[in-house]
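Commentary on secondary and tertiary structure
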Amino acid sequence: RTRPHAPARARAHASCRWPRRDGRPRACCARQGHYCSGASTEPVPCPLGSFCAVGSGGPTACEPGYTSQQEGLHAADECVPCERGHWCAQGQQHACDAGTYNDAPGGASLKVCRACPENSRSAAASSSAADCLCREGHYDANATADGLPACELCPLATACTEPGTTTATLPV
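Residues numbered from 1 in each chain as written. Predicted model: local features only at pLDDT ≥ 70, side-chain atom pairs only at ≥ 80, totals over all residues. Heavy atoms only, no water.

We now examine the environment of Val54. Structurally, Val54 is set in the loop between strand S3 (50-51) and strand S4 (60-61). Residue classification places Val54 among the exposed residues on the basis of a relative accessible area of 57%. Put simply, Val54 and His34 are 20 residues apart on the chain and 7.3 Å apart in space, counted from C-alpha to C-alpha. (Helix = DSSP H or I, 4+ residues; strand = E, 2+ residues; numbered from the N terminus. Buried < 20%, exposed > 50% of the residue type's maximum accessible area, 1.4 Å probe, protein only.)

Written as structure tokens, this is what we have:
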């Protein structure tokens with residue numbers, strides 16, 4: 001039974017809240033963005049990285065390359081592309097390792113994380129080739145066309161003690 005003054009959303013799921021005529025609780029009725037867990041009579045919000053259609057028995061992970069940034073999604077089209085600097089599998093977002101970068105959203109595997117050039121490094125979750133900086137003792141002699149550094153040993157009698165030294169900042 002529904003209450004005549006209850007909002008439409010509440011009326012649609014009202015039968016989930018009231019016990020059956022014999023006094024036993026009703027089976028769980030999962031609404032959009034929720035699922036029923038085991039013998040529970042209360043729907044559980046769909047967790048991050050997944051969606052739950054009406055009546056779901058469990059969450060469905062977002063497609064590879066996609067995740068969610070909130071609980072309670074009810075359809076696959078609510079999943080969002082994985083952020084740059086990351087990759088997503090089974091709805092979970094993972095940062096690219098230090099020394100790599102990913103400049104495109106929607107990465108579906110670790111393979112999208114590209115290695116920085118030799119003698120350079122980047123922080124975890126780097127999202128651009130520009131995040132790759134020459135290591136201490138090296139300088140960027142001339143960035144390549146794709147923005148990656150071309151790291152070479154610092155000349156004798158120079159003090160290349162800071163990462164990211166370039167031709168312009170090379171101490172002489």
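Moving on from the coordinates now.
Attention shifts here to the state of the cysteines. Inspection of every chain in the model, using the stated rule, returns seven disulfides. The disulfide that involves Cys134 links it to Cys151, with 2.2 Å between the sulfurs. For the disulfide bridge between Cys134 and Cys151, the dihedral angle about the S-S bond is near -90°, and by the sign convention the bridge is left-handed. Taken together, the residues Cys134 in strand S12 (residues 133-134) and Cys151 in strand S14 (residues 151-153) connect sequence positions 17 residues apart. Across the pair, Cys151 and Cys134 agree in class, each one buried. With a sulfur-sulfur separation of 1.9 Å, Cys154 is cross-linked through a disulfide to Cys160. With the S-S bond torsion at -110°, the cross-link from Cys154 to Cys160 turns out left-handed. (Disulfide = S-S within 2.5 Å.)

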